[in-house]
Amino acid sequence: MVADELDYVVGVDTHRDEHTLALVEAATGAVLAQRTVAASAGGYAQALRFAQEQEEGARVWALEGAGHYGAGLARYLSERGETVLEVGRSPRSERRLRGKDDQLDAVRAARAALGAEPLPLPRSGERREALRLLLLARRSAVDVRRGALVQLRSVIVTAPERLREELRGLPLGRLLERCRRLRQLTSAEPGELAARLVLRTLARRIEAATVEAAELEGEILTHVRALAPQLLEEPGVGPIVAAQLLVAWSHRGRVRSEAAFARLAGVAPVPASSGQTTRQRLSRGGDRQLNRALHTVVLHRRQHDPQTKDYIARRTAEGKSRREATRLLKRYLARHLYRLLQNQEPLMA
């Protein structure tokens, strides 16, 4: 456990404008001191002095939101030789029972680090941070496109008969092109005029979001090829899945083992036995975007990879359900991809 190796933990509850710190003794969990600093270069320096002013000893920093509000502080501390760990938010049920404020959250962050197995280090590397931002922007563009498509088809369903007959049944490409070129007819009723305007607007929004997503995916591919080109050789692993794997794994040493990586991905088995029933289920925690990436790979391999098809057939013949076989596949995939990332040649981050 983390507590066995330390004298102190500095828990930090991070926010946009300020961070709250709590210095906690590892042996007893007692709170020794607390401080609030600004979320700026000057505040980061104050936070480090706050820790250094206390008694000497081995310490780590436990940050909530190390990849968001706490990213600046995490970089500042890491550059000065401090060990920074990333902790998740406390469960909502605990906050409801025991209350919530910034000082309490800082103490909880420190004690969560003390009571846990070694936690992951924050992500690092300029290219990996670039990938995270590119994935975020692409996901937004894809969501906009998906939502606009749903709206466009809904408008067609309720459009006036003449317009609906003209558009219904067209393939997507021709539908978007036709909607984009719809003109306002002076002879049309107000309802049809509104439908034409909305369809034209939505079609142009869809096309713009499609172009944006493609441009971002091209940039993502460039970074993936620079960091871990061997990932793209894996069946079912495209640029987006590879980028999500790299963002979650980040760098050698961040996640201590393949079992910890599986837990981070939400594919580690969790006991779910009761009475005479003995079974396991997948975790519902962890990084859900990483979990989604692994699920995408498994879906592809179930359809196109002969070895995966044979594995599922063998497992189902043994009495396991298709869902249980898929769970085992995800666990195997997490182990395989983690080792692939760990064994790659060090490349520029």
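Whatever comes next refers back to the structure up there.
Residues numbered from 1 in each chain as written. Predicted model: local features only at pLDDT ≥ 70, side-chain atom pairs only at ≥ 80, totals over all residues. Heavy atoms only, no water.

> Would you mind going over the packing of aromatic side chains with me for this structure?
Aromatic ring pairs: the centre-centre distance and the angle between the two ring planes describe each pair. Enumeration over the complete set of coordinates arrives at two aromatic pairs. A centroid spacing of 5.8 Å and a plane angle of 50° characterise the contact between Tyr 44 and Tyr 76, whose relative ring orientation is tilted. Here Tyr 44, found in helix H1 (residues 41–52), pairs with Tyr 76, found in helix H2 (residues 71–79); they are 32 residues apart in sequence, far enough to count as distant. Note on Phe 261 and Tyr 338: the rings are 5.6 Å apart at their centroids and 35° apart in plane angle, and the pair reads as tilted. (Phe/Tyr/Trp six-rings, centres within 6.5 Å; stacked < 30°, edge-to-face > 60°. Helix = DSSP H or I, 4+ residues; strand = E, 2+ residues; numbered from the N terminus.)

> Even after reading the chapter, I still don't get the sheet that holds strand E5 (residues 84–87), so can you show me in this structure?
The pairing of strands in a sheet happens through backbone hydrogen bonds and is either parallel or antiparallel. Reading across the sheet, the five strands line up as E3-E2-E1-E4-E5 and stay open at both edges, with mixed pairing between neighbours. Both outer strands of the open sheet, strand E3 (31–38) and E5, are each paired with one neighbouring strand and no more. Sheet twist, expressed as the average angle between the axes of neighbouring strands with direction ignored, equals 25°. Here strand E2 (residues 18–25) runs beside E3; their pairing, made up of seven bridges, is antiparallel. Along E3, the bridge assignment pairs Leu 23 with Ala 33. (Pairing = 2+ DSSP bridges. Axes fitted to C-alpha atoms, helices over the stretch in contact; angles between N-to-C directions.)

> Can you help me understand the pairing of E5 in this one?
Residues in a regular strand project their side chains so that they alternate between the two faces of the sheet. Of the two faces of E5, the one lined by Val 84 and Glu 86 and the one lined by Leu 85 and Val 87 are each fully buried. In this structure, strand E4 (residues 59–64) lies alongside E5, joined through four bridges in parallel fashion. Among the inter-strand pairings, Trp 61 is bridged to a residue of E5, identified as Val 84. Traced from E4 through H2 to E5, the parallel crossover comes out right-handed. (Buried < 20%, exposed > 50% of the residue type's maximum accessible area, 1.4 Å probe, protein only. Right-handed = clockwise from strand over helix to strand, strands pointing away.)

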